[in-house]
Amino acid sequence: MIMPRRLLIEQGGAGHRGPALPACDVPKRPLAELLPGVALRAELVFPQVSEPEVVRHFTELSTLNHHVDRGFYPLGSCTMKHNPKIDEELAGLAGFAKAHPLAGDDATQGCLRAMVEVQRLLADITGFAAVTTQPAAGAHGEMTGLLLIRAYHRSRGEGEQRRRVIVPDSAHGTNPASASLAGYETVVIPSGADATVDLEALAKALDDRTAAVMLTVPNTVGLFEPRVLEVARLAHAAGAQCYMDGANLNALVGRVRPGDLGFDVMHINVHKTFSTPHGGGGPGAGPVAVAKHLEPFLPVPVAVVQQDGRVRLDWDRPRSIGRVHSFNGNFSVLLRALAYMLTLGPEGLAEVSRVAILNANYLMRRLAKSYDLPNPQHCMHEFVLSGRGLRRYGVKTLDVAKRLLDFGVHAPTVYFPLIVEEALMIEPTETETFDRLEHFASAMERIAAEAAEDAELLHQAPHTTPVGRLDEARASREPRLRWSVP
Amino acid sequence: MSFVGLTRDEEQRMLKEIGVARFEELLAAVPQEVLLEHPPRIPGPLSEIELRRLLGNWSRENHAAELVSFQGGGIYDHWIPAAVDALASRSEFVTAYTPYQPEVAQGTLTAIFEFQSMMAELTGCDVANASMYDGATATVEAALLARRQTGRKRVVVAGMVHPHTVAVLRTYLDAAEVTVVEDSSGLAAVADLRAAAGPDTACMIYQQPNFFGLLEDSVALHALAHDMGALAVAVCDPIALALIEPPGRTGADLVVGEAQCLGNPMSFGGPLLGYFAAKQALLRGLPGRLVAETVDRQGRRGFVLTLQTREQHIRREKATSNICTNQGLMALRATIHMGLLGRLGLREVAELCVQKSHHAARFAAAIPGYALEFEAPFFREFVLRCPVEARRVVEAGTEFGVSPGINLGRFRPEWRDLLLVAVTELRNADEIDRWARTLQKAGGAR
């Protein structure tokens, strides 16, 4: 019999405790004397569990997760590629891990050097003039990029007038959310019949109230925007700035530089393209790369290499938008990205996008035989299928996703982008082998066959996971968001 | 090296299935003029052996590993039990992503639920979310929530909130909408605040303990905020909350802050761990992810992401925040850390911080030329006025193997003689002696 899973608070109890602290080796005084007038808390209702049991608890929890090191994880737009182990080791070096952000430039030259190097490499790879590494994630980068654009328009006396941001209907949800946060109104333009930007719709939406056009390249359907140069030309002609959502940079890396596409600013998700682990939802890092004219507005402080080769943090940036993070962004995440870039080198970089594109196109053609492929063009690093063809059997995309879990692979991103009904967004990445792709394709084909033969099998899926389908309606009706104490 | 495993034969089979002769045909949509002939000339490729040497050298250019830290100012050198690293570095946690498919993510989801539970208990609030980027952006999100909730614009910063937090607030909001009210006592001055704030105030934000380590009168500040119809926002150190009455129990509407101190390395200031806790009434306005308990079809207990209609991927421009990727792994580390220390250990850490920091402060005050700058009770951290510029004291530390504190002159020129000193449970009597000798040496060198 398997013991039922219990939360930490339901284990142990009074008298149990974890690893010990040393005895106080300085003269002790009563707290009431040291903290006169301070109200101390009467109780802390917290776990009381021995170290071995805490270790077992979290080890057991870990076994309930699907993860890249265990199996295929084709989550579209998330670039779940292999995370090299050496990067973890290097990020944990004591000289980095124990560095304090307020220790002063002289005491932290190693960190500053690494920071400057990450910025330089990212600028080279993306074709921009400068990079800030302060933003902690992609959406944080979007916000930062939009504040840079806002500062630019303000510097030209057009801040009040330009209050709109144009996004295509295929955009990630973070784009409009970031626009709102930066004080902008979002204008959504419909995609054309081929799922890429409809230039006519764009031209109609653009005017002297437009602050920026935000575009994901390749877009969320996995297609390169064939008229991207024209998009940038139109936007600039209207006085707007062009923002690139870099979530899909894995398709371009080493092959196309976004700076050459006419963009003024972009963010980079290093946890996607540059292979830093996703950590169950973070940390990521969202460096922002900018063209020359936006450089004066970058967040402070800016790391600058002096003539003697030493690196200084420069605070004297009168036109800066200010700080966006408590300290230096997700520094150790950036270290991992640096290690990864250096491991690849120039040719390795180009190999990433080449194989990512190859893998995606191969899977797409294989799966187009058993699922609808709404956009038949060659894709870039990912593609979107539609599960609408299974409707006649009463099967939804959600059922396909859940059944996939039984085959030891993670489900693709589902129901996004919103412009494809019953969407299945699949991104294999370059680190998957032919064998893995074959296994996934077979599983998908078998599920399509099962839909016709035994729809109920899919409705009840998954069958082999630690828990079955969970009642989300119940979870949100009267949400239980914290444990109750036994 | 790009971690690719594809043979020439396999590639040919794939191209054939795709129906193209060459890879380049797949790039038909890309304008010819933007296709690079050669990849960007970055350095590399480096083998593991070369990489370890290069980054190893850089890591040693930092003084961090060999100096004993008395630095704080928002980032602290606390004990991280060995089991935290061992468990949190399991690739089952590290290489998973956001738990979009709960059936294969119960590990991550359960841990987040436990994190939410512990943060709610620590802060004295009803609910806490799955994490924010850091303390500063958590504070911004609190201010934004308060603005939506009250329909008012102005944010009043009461007393010594970390200068970086104030800076980030000013970046996100319009600087004119942020009013800072400081006082020479080092504490928030209630009378001045009453005069400065008003019916346009959305929230009053204070830090506990504040940037100088001083403990604010939270009850008075909550009452003041509520008097003017504003929300009370407490930016708290979670270790202090194991010792002091939590602000959520005395009227704070939102309790947010930085939780790096719970099991996360300093790492040059990132990745950090923002947390966000609130009263039940504000639940639907919360930013970020939330995990709830539920059951599967067989009635087995399980956990799922919930109330997602607040979030950007559903609500888009009307979302409560744009946050997507958060600080999941840092939250996991904090959860394991709190689980290991437990009810007694966390309180013990907090008390050791008080005993040791007060011991060091008494020690320093007895050294000629040094004095405590403020009189109010402090937790773990205090401000010393030095007989020389504080940067001289910092420089003198190398000889004694210590980083004696933070030179506050880096924040404001008028603070150049002030040293911010943090003494955690990690520091022992010998290290505190070496720290004191640093002060003596630096002070005598006047």
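Q: When you look at the overall build of chain A in this model, what are you seeing that I'm missing?
A: Secondary structure summary: chain A contains 14 helices and 12 strands in total. Since a compact globule built from 486 residues should have a radius of gyration of about 23 Å, the 25 Å found for chain A is in line with a globular shape. The proportion of buried residues among the 486 residues of chain A is 60%. Partitioning the intrachain contacts of chain A with sequence separation of at least 6 by distance along the chain shows that 72% fall at a separation of at least 24.

Q: I keep staring at the overall build of chain B and nothing clicks. Help me out?
A: Helix and strand counts for chain B come out as 13 helices and 15 strands. Oriented by its inertia axes, the alpha-carbon framework of chain B measures out at about 80 × 55 × 50 Å. Here chain B holds 446 residues, and the buried ones make up 62% of them. Taking the intrachain contacts of chain B between residues at least 6 apart in sequence as the baseline, contacts between residues at least 24 apart amount to 71%.

Q: Hey, could you run me through the environment of Leu363 of chain A in this one?
A: Residues and elements named next belong to chain A. Inspection of the secondary structure puts Leu363 in helix α10 (residues 331–367). As a C-alpha pair, Leu363 and Cys242 span 121 residues in sequence and 32 Å in three-dimensional space. Apart from residues no more than four positions distant in its own chain, Leu363 is found in contact with Ile426, Pro428, Leu437 and Ala441.

Q: Can you help me understand the interface of chain B and chain A in this one?
A: For an interface, size is often stated in terms of accessible area lost upon the parts coming together. Counting from both sides, the interface comprises 159 residues of chain B and, opposite them, 172 residues of chain A. Ranked by the residues each element gives to the side of chain B that touches chain A, the list is headed by helix α11 (residues 328–365) of chain B, at 24 residues.

Q: What am I meant to see in the sheet that holds strand β15 (residues 418–422) of chain B here?
A: Think of a sheet as strands paired side by side through backbone hydrogen bonds, with each pair either parallel or antiparallel. Residues and elements named next belong to chain B. Read across the open sheet, the 4 strands follow the order β11-β12-β15-β14; overall the sheet is antiparallel. Each having just a single partner strand, β11 (371–372) and β14 (406–407) make up the two edges of the open sheet. Two strands pair when backbone bridges link them, and β14 and β15 are joined in this way by 2 bridges, in the antiparallel orientation. Within the sheet, the bridge partner assigned to Ile406 lies in β15 and is Leu420.

Q: Quick question: what am I supposed to make of helix α11 (residues 397–405) of chain A here?
A: Quick reminder: α-helices carry 3.6 residues per turn. Residues three or four places apart thus point the same way. All names here are of chain A. Among the 9 residues that make up α11, 7 are buried, leaving the element largely enclosed by the rest of the structure. Buried within α11 are the following residues: Thr397, Asp399, Val400, Ala401, Lys402, Arg403 and Leu404. Buried residues belonging to α11 abut β11 (413–414), β12 (423–426), α12 (434–453) and α13 (455–459).

Q: Would you mind showing me how to read the domain arrangement of chain A here?
A: Residues and elements named next belong to chain A. Domain assignment breaks chain A into domain 1 (86–342) and domain 2 (350–472). When each unit is reduced to the centre of its C-alpha atoms, the spacing between domain 1 and domain 2 is 30 Å. Counting from both sides, the interface comprises 18 residues of domain 1 and, opposite them, 19 residues of domain 2. Looking at the side of domain 1 that touches domain 2 residue by residue, the class counts come to 8 nonpolar, 7 polar and 3 charged.

Q: When you look at the packing of helix α6 (residues 135–150) of chain B against helix α7 (residues 163–172) of chain B in this model, what are you seeing that I'm missing?
A: Each pair of packed helices can be described by the angle between their axes along with the distance between the axes. Residue and element names in this part refer to chain B. Where α6 contacts α7, the two axes come as close as 9 Å, and the packing angle between them is 50°. The orientation of α6 relative to α7 falls into the category oblique. Considering how the two elements wind past one another, α6 and α7 form a crossing that is right-handed. Contacts from Gly135, Ala136, Thr137, Thr139, Val140 and Ala143 of α6 reach α7 at His164, Thr165, Val168, Leu169 and Tyr172. The residue makeup of the contact of α6 with α7, split by class, is 6 nonpolar, 5 polar and no charged.

Q: Looking at this structure, how should I read unusual backbone geometry?
A: Backbone phi values are negative for most residues with the exception of glycine, while trans is the configuration of most peptide bonds. In this structure, Pro218 of chain A follows Val217 of chain A across a cis peptide bond, with omega equal to -15°. Within the secondary structure, Pro218 of chain A sits in the loop between β4 (210–216) and α9 (228–237). Following Gly44 of chain B, the chain continues into Pro45 of chain B via a peptide bond in cis, with omega recorded as 5°. Among the structural elements, Pro45 of chain B can be located in the loop between α1 (8–18) and α2 (48–61). A positive phi angle is found at Tyr415 of chain A, which is not glycine, with a value near 60°. With respect to the helices, strands and loops of the structure, Tyr415 of chain A is situated in the loop between β11 and β12. Judged by the 17 C-beta atoms lying within 10 Å of it, Tyr415 of chain A is partly exposed. With a phi angle near 135°, Ser131 of chain B is a residue other than glycine that sits in the positive phi range. Within the fold, Ser131 of chain B resides in the loop between β2 (127–128) and α6.

Q: Is there a simple way to explain the domain arrangement of chain B in this structure?
A: All names here are of chain B. Partitioning chain B into domains gives domain 1 (64–79 + 343–444) and domain 2 (83–337). Between domain 1 and domain 2, the contact holds 22 residues from the first and 21 residues from the second. Contributions of two or more residues to the side of domain 1 that touches domain 2 are made by α11 and β12 (381–385). A class-by-class count of the residues in the side of domain 1 that touches domain 2 yields 14 nonpolar, 2 polar and 6 charged.

Cut-offs used in this document
Residues numbered from 1 in each chain as written. Chains lettered and ligands numbered in written order. Predicted model: local features only at pLDDT ≥ 70, side-chain atom pairs only at ≥ 80, totals over all residues. Helix = DSSP H or I, 4+ residues; strand = E, 2+ residues; numbered from the N terminus. Rg over C-alpha atoms; globule rule 2.2 N^0.38 Å. Buried ≥ 20, exposed ≤ 12 C-beta atoms within 10 Å, placed from the backbone. Contact = placed C-beta atoms within 7 Å. Pairing = 2+ DSSP bridges. Domains from an automatic or database assignment. Nonpolar A, V, L, I, M, F, W, Y, C, P; charged D, E, K, R; others polar. Axes fitted to C-alpha atoms, helices over the stretch in contact; angles between N-to-C directions. Parallel < 35°, antiparallel > 145°, perpendicular 65-115°, else oblique. Left-handed = near helix turned anticlockwise from the far one by under 90°.

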